[in-house]
Structure formats: structure tokens, C-alpha cells
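Close look at the chain arrangement
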Amino acid sequence: MPLGAKPTSKQIWNSIIEKFEERLSTWRQISLSKGGAEVNTFAAMLLVIGSNPPALDNFPDTRRWSLHNSGVFTVKTLYSKLIAESGIDNFPHYFIWKKPVPPKINFLLWRLMHEKLNTIDMLQIKGVDIYYSCILCGDDIESQDHIFFHCKIAHKVWSSVLLSVCWSWVIPRNLRMLAFGWHHVHFSVAGNFLWDLIPATVVHTIWTERNKRIFEQNYTFKTDDDLGIEVKSLILAWARAAGKRVHLNFASTVQNNWDALFV
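Description of helix H9 (residues 189-215)
- A rise of 1.5 Å per residue sets the reference length of H9, with its 27 residues, at 39 Å; its end C-alpha atoms lie 40 Å apart and thus fit the reference within 8%.
- Where H9 bends most, the angle comes to about 35°, and this point is Ile 198, followed within four residues by the proline Pro 199.

Brief notes about the pattern of salt bridges
- Inspection of every chain in the model, using the stated rule, returns seven salt bridges.
- The salt bridge partner of Lys 81 is Glu 85, with a shortest N-O separation of 3.2 Å. A residue pair is termed a helical-turn pair when its members lie 3 or 4 positions apart in one helix, as Lys 81 and Glu 85 do in helix H2 (residues 75-86) at four residues.
- Overall, Lys 81 belongs to the partly exposed group, its relative accessible area being 37%.
- Exposure remark for Glu 85: the relative accessible area of 56% places this residue in the exposed category.
- We note a salt bridge from Arg 213 to Glu 209, for which the minimum N-O separation is 2.8 Å. Separated by four residues within a single helix, Arg 213 and Glu 209 lie in helix H9, roughly one turn from each other. Each member of the pair, Arg 213 together with Glu 209, is buried.

Regarding the packing of helix H7 (residues 152-161) against helix H10 (residues 224-241)
- Taken N-terminus to C-terminus, the directions of H7 and H10 make an angle of 45°; their axes are 9 Å apart at the nearest point. For the element pair H7 / H10, the angle class is oblique. Pair H7 / H10 crosses with right-handed handedness. Between H7, through Ile 153, Lys 156, Val 157, Ser 160 and Val 161, and H10, the contact on the second element is made entirely by Asp 224, Leu 227, Gly 228, Val 231, Lys 232 and Ile 235.
- For the contact of H7 with H10, the per-class residue count stands at six nonpolar, two polar and three charged.

Things to note about helix H4 (residues 103-113)
- Regarding H4, the residues found buried are Ile 105, Asn 106, Leu 108, Leu 109, Leu 112 and Met 113. Looking straight down H4, one finds that the buried residues subtend no more than 155° of arc, so they occupy a single side. Exposed and oriented more than 90 degrees from the buried face of H4 are Pro 103 and Lys 104.
- Contacts made by the buried residues of H4 are with helix H3 (93-96), helix H6 (144-150), helix H8 (175-182), H9 and H10.

What counts, and at which threshold
Residues numbered from 1 in each chain as written. Predicted model: local features only at pLDDT ≥ 70, side-chain atom pairs only at ≥ 80, totals over all residues. Heavy atoms only, no water. Helix = DSSP H or I, 4+ residues; strand = E, 2+ residues; numbered from the N terminus. Expected span 1.5 Å × (residues − 1). Bend = angle between axes of the 7 residues up to and from the residue. Salt bridge = Lys/Arg side-chain N within 4 Å of Asp/Glu carboxyl O. Buried < 20%, exposed > 50% of the residue type's maximum accessible area, 1.4 Å probe, protein only. Axes fitted to C-alpha atoms, helices over the stretch in contact; angles between N-to-C directions. Parallel < 35°, antiparallel > 145°, perpendicular 65-115°, else oblique. Left-handed = near helix turned anticlockwise from the far one by under 90°. Contact = heavy atoms within 4.5 Å. Nonpolar A, V, L, I, M, F, W, Y, C, P; charged D, E, K, R; others polar. Arc of directions from axis to C-beta.

What follows is the structure, encoded as C-alpha cells:
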């Protein structure tokens, strides 16, 4: 109320009444919006019940999982529902999930297939302003496809572990293209087993080297040959852990007789 105004005057109350009405209108909108949401929820429930509601009885209410006939929740049914609604069509699960491969590396491949690795291009999309050049080659922007396939260091690593006789390495565009064209049975039994381990070992080795170069101070960068030897050694180590002894001399196999493992 203005100072000196007459309390019996109606005009001095107009501004105060307007302020009250503004606040009340806001509260009315909030309450109506909440009421509208409740009405929509109730209407959705009536659609689920339909014209034949369940009969009332003395049994207590229980929760039932509608995605399974037993009414019991299972992770499999939930996962199937999520895949059906927002999954990748024809997801190459046979390429990603390998029993001889450690689970964390299987998950690394899974994340790469879904384009969820925090490469520099993805960090920039998220608002992180950092130097964007590839830490391995320095020739291009670091992206998931570049660092694992199109980087010249990655190409040398792939070439070192693939067969060198009667084979020509064609760089795929991404991991998805690699997955659909990777599996075959043209080698020996042991060769086919080792062949299936190559993508996981290469991706793991490149990603580990990339992270060490970025985050570890005074780290001595590995050469292309060192990375190739590390990939081959890891493949043989995983094979041995799975009960597949496929070599007679570890050092000789890695250095000189790699192609002979696939014959």
C-alpha cells in the first residue's frame, strides 16, 4: 500500500489484487497440468483393462511381467524388447561376443559397434575442446573409424597380423562392414579359431596404445612392429588359455611362422 494513501480508497488495492491474480493463475496452470497428466494416465489404464475388467477377489495384488508368459521378470525378455524397439538391425553378435576373449574387450568391441567410444571427435560433440589430431599418426582428426582402420599405424598393425601370401587387405569403412565380411572357414580348425580372435586383439591393442600415449607421462611409444608382435602374442595367449595349443615355439611363431598357423 502506498504511503499516505487512504485505506478506504478502492483504487489503491487494484495493483495488489492484480499481483495476487497473477500468482493464482500460475498455480492454476500447474494444478491443471498435473490433473491433465493424471487423466491421461487413467485413460491409458482403462485402455489396457478394456471392456472386461478382472473380477474382484480376496487375493492380494501382485506384480506381473507382461513380456513373459510366467509373469516373472527375466533379463532376456527385457533385452529382446529393447533390441526390438531401438537395437541395431542384424547386430553381428557372433562377431562381438567371443568366449576366449576377456569380457571387457568384448564390451570394448560392443561399444565400438554402437559408436560409443570417447574418441576426440565424440568428445568435441559433447563440448570438450581439445586437440583433435590422431595421437598415433598425427595426419587426421581422431575418429573411431580413423583410429582403428584408416590410420596408417592401424593399417600396418592389421597388415602384420593378416596372412601375407595370396591375400590382399582391403580397408573396410567401419567395424560393422568388417564384421559382416570377416567370418569364413577356409583355414584349418586351429586357423579358423585364431582368425576369429584377430579383430578383438587389434582393437584392444590400438586402443590401449592410444590411451597410454595420451594419459601416461614419459611413456615410450611402441613401434609398428612392436604393436604387431603384441597382437600376435595376445592371440596365442588367449588361444592357450582356451585350451588351444597351436604352436611349438612361441617366439619363432610370432616372428617367422605366423602364416603357418592358418594352413
